[in-house]
Amino acid sequence: MEEQDHLKNATSQNTSRNGGNNKKPRMSFTWVYIVIALALGYLFFAGDDLQKSGTASKNITYTQFQEYVENGYANKIVANKDEGTARMYVKPEHIRDVFKSGVEQTGKQPYVQTEYGSPDKLEEFITQQKELGNFTGELSYRRSNDTLMQLFWNVFPLLLIIFVWMFIMRRMGNSGGGFGGMGGIFNVGRSRAQLVEKGGENESKVTFKDVAGQASAKQEVQEIVEFLKNPKKFTDLGGKIPKGALLVGPPGTGKTLLAKAVAGEADVPFFSMSGSDFVEMFVGVGASRVRDLFRQAKEKAPCIIFIDEIDAVGRARANNAMMGGNDERESTLNQLLTEMDGFGTNSGVIIMAATNRADILDKALLRAGRFDRQIHVDLPDLNERKAVFKVHLKPIKVDKSLDIDLLARQTPGFSGADIANVCNEAALIAARHGKQAVTKEDFIAAVDRIVGGLEKKTKVMTEEEKRTIALHEAGHATISWNLQYANPLIKVTIVPRGRALGAAWYLPEERQITTREQMLDEMCATLGGRAAEELFTGHISSGAMNDLERVTKQAYGMIAYMGMSDALPNLCYYNQQEYSWQRPYSEATAQLIDQEVKRMINEQYERAKQLLLEKQKGHAALANLLVEREVIYAEDVEKIFGKRPWVSRTEELLTSQEEPATEQPETEPSEEQKA
Ligand code: ADP
Ligand code: ZN
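Reference entry: report on the structure contained in this document. (Residues numbered from 1 in each chain as written. Chains lettered and ligands numbered in written order. Predicted model: local features only at pLDDT ≥ 70, side-chain atom pairs only at ≥ 80, totals over all residues. Heavy atoms only, no water.)

## A word on the overall build of the chain
Right, so step 1: Regarding its fold elements, the chain presents 26 helices and 15 strands.
Right, so step 2: Burial statistics for the chain: of 675 residues in total, 45% are counted as buried.
Right, so step 3: A separation threshold of at least 6 residues defines the contact pool for the chain, and within that pool the share at least 24 residues apart is 75%.
Right, so step 4: Accessible area of the chain: about 36,800 Å², with a carbon and sulfur share of 52%. (Helix = DSSP H or I, 4+ residues; strand = E, 2+ residues; numbered from the N terminus. Buried < 20%, exposed > 50% of the residue type's maximum accessible area, 1.4 Å probe, protein only. Contact = heavy atoms within 4.5 Å. Areas by Shrake-Rupley, 256 points an atom, 1.4 Å probe, with all protein chains shown as cover.)

## Some details on the pairing of strand β5 (residues 111-115)
Right, so step 1: Of all five residues making up β5, four are buried, and the element is well covered by its neighbours.
Right, so step 2: Sheet analysis places strand β2 (residues 57-59) next to β5, joined by three bridges and oriented parallel. If you follow Lys58 over to β5, its bridge partner there is Val112.
Right, so step 3: As paired strands, strand β4 (residues 85-90) and β5 are joined by five bridges and run antiparallel to one another. Residue pairing across strands places Thr85 opposite Glu115, the latter belonging to β5. (Pairing = 2+ DSSP bridges.)

## So, the packing of aromatic side chains
Right, so step 1: Using the criterion set out here, one finds seven aromatic pairs in the structure.
Right, so step 2: Taken together, a centroid distance of 6.3 Å and an interplanar angle of 50 degrees make the contact between Phe65 and Phe125 tilted. One end of the pair, Phe65, is in helix α2 (residues 62-71); the other, Phe125, is in helix α5 (residues 119-132), and 60 residues separate them in sequence.
Right, so step 3: A centroid spacing of 6.4 Å and a plane angle of 75 degrees characterise the contact between Trp153 and Phe156, whose relative ring orientation is edge-to-face. Of the two residues, Trp153 and Phe156 are both situated in helix α6 (residues 146-175); the distance of three residues between them amounts to about one turn of the helix. (Phe/Tyr/Trp six-rings, centres within 6.5 Å; stacked < 30°, edge-to-face > 60°.)

## What about the coordination of the zinc ion (ligand 2)?
Right, so step 1: Coordination sphere of the zinc ion (ligand 2), protein contribution only: His472 (NE2), His476 (NE2) and Asp547 (OD), at 2.0 to 2.1 Å.
Right, so step 2: Considered as a linear motif, the donors of the zinc ion (ligand 2) on their single chain read H-x3-H-x70-D. Here the residue His476 occupies a position in helix α19 (residues 463-482), and Asp547 occupies one in helix α21 (residues 545-561), the gap between them amounting to 71 residues. Comparing His476 with Asp547, the two get one shared label, buried. (Donors = N, O, S within 2.8 Å, 3.2 Å for Na, K, Ca; no water.)

## Focus on the sheet that holds strand β3 (residues 74-80)
Right, so step 1: The strand order across the open sheet formed by five strands is β2-β5-β4-β3-β6, and the pairing between neighbours is mixed. Sheet topology places β2 and β6 (139-141) at the edges, where each strand pairs with a single neighbour. The average angle at which neighbouring strand axes cross in this sheet is 25 degrees, direction not considered.
Right, so step 2: Relative to β6, β3 runs parallel, the two being bridged by three bridges. Of the residues in β6, the one forming a bridge with Val78 is Ser140. (Axes fitted to C-alpha atoms, helices over the stretch in contact; angles between N-to-C directions.)

## What about the pairing of strand β11 (residues 349-355)?
Right, so step 1: Most of β11 sits out of view: seven of its seven residues are buried.
Right, so step 2: Side chains Val349, Ile351, Ala353 and Thr355 of β11 all project onto a buried face; the interleaved residues Ile350, Met352 and Ala354 project onto the opposite face, where all are buried too.
Right, so step 3: Pairing geometry for strand β10 (residues 303-308) and β11, over five bridges, is parallel. By the bridge assignment for β11, Phe306 is matched with Met352.

## Things to note about the sheet that holds strand β9 (residues 270-274)
Think of a sheet as strands paired side by side through backbone hydrogen bonds, with each pair either parallel or antiparallel.
Right, so step 1: As summarised here, the arrangement of the six strands in space is β7-β9-β10-β11-β8-β12, forming an open sheet in which the pairing is mixed. Two strands close off the open sheet at either side, each with one partner strand: β7 (194-196) and β12 (373-376). With strand direction ignored, the average angle separating the axes of adjacent strands in the sheet is 20 degrees.
Right, so step 2: In the packing of helix α10 (residues 255-266) onto the sheet, the strands contacted are β8 (244-248), β9, β10 and β11, and the crossing angle to β10 comes to about 175 degrees.

## Thoughts on the packing of α19 against helix α24 (residues 634-641)
Right, so step 1: Where α19 meets α24, the closest approach of the two axes is 11 Å, and the angle between their N-to-C directions is 70 degrees. In terms of axis orientation, α19 runs roughly perpendicular to α24. Contacts between α19 and α24 pair Thr478, Trp481 and Asn482 from the former with Ala634, Val637, Glu638 and Phe641 from the latter.
Right, so step 2: Here the residues of the contact of α19 with α24 are counted per class, giving four nonpolar, two polar and one charged. (Parallel < 35°, antiparallel > 145°, perpendicular 65-115°, else oblique. Nonpolar A, V, L, I, M, F, W, Y, C, P; charged D, E, K, R; others polar.)

## A closer look at the site of ligand 1
Right, so step 1: If you check the shell around ligand 1, you find 15 residues, and the closest are Ala212, Gly252, Lys255, Thr256 and His392.
Right, so step 2: Residue Gly252 places a main-chain N or O atom 2.8 Å away from an oxygen atom belonging to ligand 1.
Right, so step 3: Separating an oxygen atom of ligand 1 from a backbone N or O atom of Gly254 is a distance of 3.1 Å.
Right, so step 4: In isolation ligand 1 has 560 Å² of accessible area, and contact with the protein removes 79% of it.
Right, so step 5: For the shell around ligand 1, the secondary structure elements donating two or more residues are α10, α15 (382-393) and α17 (416-432).
Right, so step 6: Counting the residues that make up the shell around ligand 1, at least three belong to each of domain 3 (194-376) and domain 4 (382-452). (Near = heavy atom within 4 Å. Polar contact = N/O pair within 3.5 Å; in protein donor to acceptor, adjacent residues only side chain to side chain. Domains from an automatic or database assignment.)

## Observations concerning α5
One turn of the α-helix equals 3.6 residues, which is why residues spaced by three or four share an orientation.
Right, so step 1: In this model α5 runs 20 Å from its N-terminal to its C-terminal C-alpha over 14 residues, within 8% of the 20 Å that 1.5 Å per residue would give.
Right, so step 2: Those residues of α5 lying buried are Leu122, Phe125, Ile126 and Gln129. Looking straight down α5, one finds its buried side chains confined to an arc of 95 degrees; they lie on one side. Opposite the buried face of α5, at more than 90 degrees from it, the exposed residues are Asp120, Glu124 and Glu131.
Right, so step 3: In this fold, the buried residues of α5 make contact with α2, β3, β4 and β6.
Right, so step 4: Following α5 by one or two positions, Gly133 adopts a phi angle in the positive range, close to 85 degrees. (Expected span 1.5 Å × (residues − 1). Arc of directions from axis to C-beta.)

## Focus on the pattern of salt bridges
Right, so step 1: By the definition in use, this model includes 17 salt bridges.
Right, so step 2: In this structure, Asp359 and Arg357 form a salt bridge, with 3.0 Å as the shortest nitrogen-oxygen distance.
Right, so step 3: Note on Arg357: relative accessible area 32%, which makes it partly exposed.
Right, so step 4: In this structure, Glu603 and Arg599 form a salt bridge, with 2.6 Å as the shortest nitrogen-oxygen distance. Pair noted here: Glu603 and Arg599 are both in helix α22 (residues 587-614), with a separation of four residues, about one helical turn. (Salt bridge = Lys/Arg side-chain N within 4 Å of Asp/Glu carboxyl O.)

## Focus on the environment of Val196
Right, so step 1: Assignment of secondary structure puts Val196 in strand β7.
Right, so step 2: Take Val196: its relative accessible area is 12%, and that puts it in the buried class.
Right, so step 3: The sequence separation of Val196 and Ile304 amounts to 108 residues, and the corresponding C-alpha distance is 9.9 Å.

## What about unusual backbone geometry?
Right, so step 1: Here the phi dihedral of Gln214 falls at roughly 50 degrees; this positive angle occurs in a residue that is not glycine.
Right, so step 2: In this structure, Gln214 sits in the loop between β7 and α8 (215-229).
Right, so step 3: Overall, Gln214 belongs to the buried group, its relative accessible area being 7%.

## Here we look at the environment of Ala474
Right, so step 1: Within the secondary structure, Ala474 sits in helix α19.
Right, so step 2: Taking the C-alpha atoms as reference, Ala474 lies 9.3 Å from Thr493; in sequence the two are 19 residues apart.
Right, so step 3: Beyond its immediate sequence surroundings of up to four residues, Ala474 is in contact with His619, Leu622, Ala623 and Leu626.

Set out below in structure tokens:
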């Protein structure tokens, strides 16, 4: 089945919502650095200063020392036998003679220090000087308790750094649920995965019953439950159990919930982690966390690893090589890839990951043997919203008058999480007014409040917009139903999905070659959206941008590469070299190509308008049905327009045993032709 997104919203592409995730703000390390710098600076300058301000000192030779004492400069002498040094404190009146500066600079008790040869010699010298009257002070001894102080000054900066480091580590350790304290340091490389298991502290049994709607996604993950429960059934037949599934969809649509439900149904442990948890400021931490996560998981196998927001690590590599890239993220991603390759398919570990942008993920992640399954989890449509409401209304005491249909209708574009939020908000509002049960008015107030809060963040649309989108999508449907060669329609929705506001699904025919008529019919159907907008709303909108882009590319392809226009028949200007700046045709031809493209698209646009006017009644009925139900299927379209008079080629092939066309499919120009 092929899906074609239509009606891109060109302006609001930002669907990320901060509501649900409770990430703690990253700690700012700047101030820590400042503290360290200040402390070191203080030590550097103050260390010198401390000695100078109190007491100036100077190292001198023993001869000089003898000279000073003989001159009668000495006030008192303190010898340290441990060090073999002696300090001579200088008499105030001789400070200038020794230090060449005044008391202001040297302090009250400056001293000079020397190393003496032997204590006996020193004592002999001092006694001699005393007798001569050159020295009248005391000779005393001291132990070197000072060295402790010195040691302290040497070690203190180191201690300070270690202390600050520990502090940072502890902060990080705590934020991830580590056991803090000293453990923090050693826990950087540990994964922060939250483990949900039987009998564990945060045991919670989520089952498929808790996930409302999402029928197709549920069906796909059902298989994973089977793999986990009964792997032998598959491996005995030689099948390989998939390693990973990627849940793709906007935030709040229940991706985490689905993964949890898989774990709950299969009754296996569930490791949950966010992609951004891997990425830390320290080099190599991400990779070691990945390793640790897989090690833990293998111990608990069979189990499920769930990585939320995998785009935080899985963004395509090397795309931004010019801008330096992010080596840490790349090495984390590489480790993840290695781990996914590393464990055997039968180890019982299945990785589920969620993202809302599968297109930016590294191709290596999506390769077979890794996340080779993609499961789309879309915003709920009307009926699904009803189901989600039912789930979340269960614990709430509601008034009998409450009409769930109405609620579902009032909340187009809401995700499951938004609906859960509405229910909660309504209960709060009712409680604030002291009501016994939550009434319809409370719900309406809650919806208003959430719409107000969400307006810019998610695709909440107004009635008017919904109508326009319905007219647009009905335009596609009407035309494709009524043109012979257009692909048969399967389903049309106006539920916003990814960046598209609505979509029509077609069953493309399996064909090796496509004729000009088929391409033109397709083009006409693609233009049907905008044509319907112009005809029935009187305005054209940005919503058709994606359609127009496709049509333009298609037309250029048909004219420049496939020789399908009358003005440029049988010419192919296909250029195999991707980065060649030369056009293989003249300026005049370029103009002709542009002209022909315009002509072709205009023709098809007029044709689409013509057809829409002919089928105006049916189109209006279809649009109304879309507004009402949000999703309609081929059967509904058939009821309006009647059965398509043409049998599709696929069916034709099935009924008549005719050989398929034997013509050569188009091929790229061969080497000789290119030269
Ligand atoms: P995602 O991982 O896709 O961002 P979550 O799985 O975390 O979204 O969903 C957030 C919450 O929204 C869930 O805990 C649940 O309460 C609610 N929710 C979302 N989708 C559904 C759903 N289909 N059925 C029931 N509840 C849902
Ligand atoms: Zn469209």
